[in-house]
Amino acid sequence: MSNALEHDSPVAALVSTSIGFAMTCVGMFMAIQVVATSLPTIQSALDIPPDQMSWVQTAYLIAEVIAIPLTGLNALVVIL
């Protein structure tokens, strides 16, 4: 039985990896845009000064950077 991660050729592996990387970049860009556009709403809801808003965005992006590889690891475990 063939493993889902095996490819017939190096070109197929390169294309698959490139598509996965591109989709990850698109997802991260979209998440950053959502946070950036919602910062004024978050600021008014939390009633914090503008100079401390960078901490909100930094905390979100750190959580995202941790969650994305964990999600990929979970998908890899399910495939195997």
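So, the overall build of the protein chain
Scanning the protein chain from terminus to terminus reveals 2 helices and 0 strands. Looking at the protein chain residue by residue over its 80 residues, the buried ones come to 6%. When the accessible surface of the protein chain is split by element, carbon and sulfur atoms take 73% of a total near 6,300 Å².

Topic: helix H1 (residues 10-46)
With 37 residues, H1 extends 51 Å between its outermost C-alpha atoms, agreeing within 8% with the 54 Å of an ideal straight helix rising 1.5 Å per residue. Helix geometry: H1 is bent most strongly at Leu 39, by close to 50°, with proline Pro 40 lying one to four residues after it. If you check which residues of H1 are buried, you get Ala 31, Val 35 and Leu 39. Of the residues one or two after H1, Asp 47 is the one with positive phi, at around 55°.

Focus on the environment of Gln 43
Note on placement: Gln 43 falls in helix H1. Considered as a pair, Gln 43 and Val 56 are 13 residues apart in the sequence and their alpha carbons are 9.0 Å apart. With near-sequence residues (within four places) excluded, Gln 43 lies in contact with Ile 48, Pro 49, Pro 50 and Met 53.

Describing unusual backbone geometry
Even without a glycine there, the phi angle at Asp 47 is positive, about 55°. Topologically, Asp 47 is positioned in the loop between H1 and helix H2 (53-79).

Considerations on a nonpolar patch on the surface
Residues Val 11, Val 15, Ile 19, Met 23, Val 26, Phe 29 and Met 30 make up a contiguous nonpolar surface patch of about 700 Å² in total accessible area. As for its placement among the helices and strands, Val 15 is situated in helix H1.

Basis of the calculations
- Residues numbered from 1 in each chain as written.
- Predicted model: local features only at pLDDT ≥ 70, side-chain atom pairs only at ≥ 80, totals over all residues.
- Heavy atoms only, no water.
- Helix = DSSP H or I, 4+ residues; strand = E, 2+ residues; numbered from the N terminus.
- Buried < 20%, exposed > 50% of the residue type's maximum accessible area, 1.4 Å probe, protein only.
- Areas by Shrake-Rupley, 256 points an atom, 1.4 Å probe, with all protein chains shown as cover.
- Expected span 1.5 Å × (residues − 1).
- Bend = angle between axes of the 7 residues up to and from the residue.
- Contact = heavy atoms within 4.5 Å.
- Patch = residues over 30% accessible without salt bridge, like charges linked within 9 Å, V, L, I, M, F, W, Y side chains within 5 Å.
- Salt bridge = Lys/Arg side-chain N within 4 Å of Asp/Glu carboxyl O.

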